Amino acid sequence: MRHLRKGLLRSPVIAVAGVVAVLAGAGVAGATDWLPVFQTERIAPVSVSTAELVRLPDLTGFGELTVTEKPAVREVAGATAAQTATGLTIPQVSALPKGVHGVPVYRAGGRASAEFTFSAAKTAQTLAAAGKSAPPAPAGLDGSRFRLVAGPGLAATWSTSGTMPSLIVARMVAPTAYASGIPFVTARDYLLSLSLLPPEVAAQLRTFAGDGTTLPLPISADSMTSSSADVGGIAATVVTARDGVLSAVVWTDHGVVTAVAGSLSVDEVLAVARGLR
């Protein structure tokens, strides 16, 4: 799982288009004492160097992570099948960019869920291994649980003979998170205080408002740049490879994340995004 997480961080487009999407639904929270602590309303980039990515601590160094549902991403017969499988409407491309042609492959993914339980003892061990001492955990943090549920999501992919898809258009339920035992912001601030994250990364995360509405999107500072753009009156994040081989635009609207990416220029992905029906 650690290798998967780091791989996703190094490929922000894939993270958004195929996996990053969504944490739990109200039905999950309503059945227990879970409290909603995060509801995505916007996405903002966090710039991280490759060296910093390698140093990012694994979540299991701070507690127990249990995968309760594994995702079932699969190829489906077409747009209608993808929509039926996920309950989401697949975005329709008005006009394909130059060089992109043919019929797309459609994929749909169900829900993936996981539960994390914070452990003060594990955290102390992780810090000790790094030559640091763990500060006292806030009251109630030890043993607190956080639930994440990903999906559903769908994507249409136009492939080429190269290593990168020429175009991906994806849509998924926007992230939401639930906590039981302690406010999420308390856990976040404590983890940031441990000085395990690279200083530049921690500084960027501290700039996010504590209202639980902004989803940080890590991008590799060595190989990617980010900027903002307008898509149908909605603020979007644009991610571009420094070598020009990849561009992507991601935005969220009414609880749904949409992404357009591929081996295209920024102007081309924005043209596709703004022309979606």
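Just so we're clear, the structure is a prediction, and the values are computed from it rather than from any experiment.

Criteria and cut-off values
- Residues numbered from 1 in each chain as written.
- Predicted model: local features only at pLDDT ≥ 70, side-chain atom pairs only at ≥ 80, totals over all residues.
- Heavy atoms only, no water.
- Helix = DSSP H or I, 4+ residues; strand = E, 2+ residues; numbered from the N terminus.
- Buried < 20%, exposed > 50% of the residue type's maximum accessible area, 1.4 Å probe, protein only.
- Contact = heavy atoms within 4.5 Å.
- Areas by Shrake-Rupley, 256 points an atom, 1.4 Å probe, with all protein chains shown as cover.
- Arc of directions from axis to C-beta.
- Salt bridge = Lys/Arg side-chain N within 4 Å of Asp/Glu carboxyl O.
- Core = buried A, V, L, I, M, F, W, Y, C linked by side-chain atoms within 4.5 Å.
- Pairing = 2+ DSSP bridges.
- Axes fitted to C-alpha atoms, helices over the stretch in contact; angles between N-to-C directions.
- pLDDT = per-residue confidence, 0-100.

The next subject is the overall build of the protein chain. Of regular secondary structure, the protein chain possesses 9 helices and 15 strands. The burial tally for the protein chain puts 45% of its 277 residues in the buried class. By sequence separation, contacts in the protein chain at least 24 residues apart represent 74% of the contacts at least 6 residues apart. Put simply, the protein chain shows about 13,200 Å² of open surface, and 58% of that area lies on carbon and sulfur atoms.

Now for helix 9 (residues 266-274). Within the sequence span of helix 9, burial applies to Val269, Leu270, Val272 and Ala273. One side of helix 9 carries all its buried residues, which in axial view fall inside an arc of 160°. Here the buried face of helix 9 lies against strand 9 (167-173), strand 12 (224-231), strand 13 (234-241), strand 14 (247-253) and strand 15 (256-262).

What follows is about the pattern of salt bridges. Inspection of the entire model under this criterion finds 4 salt bridges. Linking lysine 122 and glutamate 64 is a salt bridge whose minimum nitrogen-to-oxygen distance equals 3.1 Å. Taken as a pair, lysine 122 in helix 6 (residues 120-129) and glutamate 64 in strand 3 (residues 63-69) lie far apart in primary sequence, 58 residues in all. Note that arginine 111 is salt-bridged to glutamate 69, the shortest N-O span being 2.8 Å. Of this pair, arginine 111 sits in the loop between strand 5 (105-109) and strand 6 (112-118) while glutamate 69 sits in strand 3, placing them 42 residues apart in sequence. Residue classification places arginine 111 among the partly exposed residues on the basis of a relative accessible area of 37%. Linked through salt bridges whose partners overlap, the residues forming this network are Glu115, Arg145 and Arg147.

Attention shifts here to the nonpolar core. By size, the foremost hydrophobic cluster in this structure holds 28 residues, and its most contacted members are Leu167, Val169, Val249, Trp251 and Val260. Mapped onto this core, the elements with two or more residues apiece are helix 5 (79-86), strand 5, strand 8 (153-158), strand 9, strand 12, strand 13, strand 14 and helix 9.

A sheet is described by the order of its strands in space; here 8 strands give the open sequence 4-5-8-9-15-14-13-12, paired in antiparallel fashion. Among the strands making up the open sheet, the edge pair consists of strand 4 (74-76) and strand 12. Direction aside, the axes of adjacent strands within the sheet are offset by 20° on average. Summarising the sheet, strand 13 and strand 14 pair through 4 bridges and their orientation is antiparallel. Its bridge partner being in strand 14, valine 239 is matched across the sheet by alanine 248.

Another point: the confidence of the model for the protein chain. Averaged over all residues, the pLDDT of the protein chain is 77; the fraction at 70 or higher stands at 74%. Confidence, read as mean pLDDT per element, is least for helix 3 (residues 26-30) in the protein chain (30) and greatest for helix 9 (96). Predicted confidence for residues 1-32 stays below pLDDT 50, and this span has 72 contacts to residues more than four positions away or in other chains.

Our focus in this paragraph is the environment of serine 220. With respect to the helices and strands, the residue serine 220 is situated in strand 11 (residues 214-220). Sequence spacing of serine 220 and valine 46 is 174 residues, and the spatial spacing of their C-alpha atoms is 8.6 Å.

Below, the discussion takes up the pairing of strand 8. Within strand 8, 6 of the 6 residues are buried, which leaves the element mostly enclosed by the surrounding structure. Residues Gly153, Ala155 and Thr157 line one face of strand 8 and the alternating positions Leu154, Ala156 and Trp158 line the opposite face, and both faces are buried. Here 5 bridges tie strand 5 to strand 8, and the two strands are oriented antiparallel to one another. By the bridge assignment, glycine 109 is partnered in strand 8 with glycine 153. Relative to strand 9, strand 8 is paired through 6 bridges, and the arrangement is antiparallel. What sits directly across from alanine 156, in strand 9, is valine 169.

What follows concerns the environment of alanine 79. Mapping alanine 79 onto the fold places it in helix 5. Expressed as a C-alpha distance, the spacing of alanine 79 and proline 104, which sit 25 residues apart in the sequence, is 9.3 Å. Those residues in contact with alanine 79 that lie beyond four places of it in its chain are Ile90 and Tyr106.

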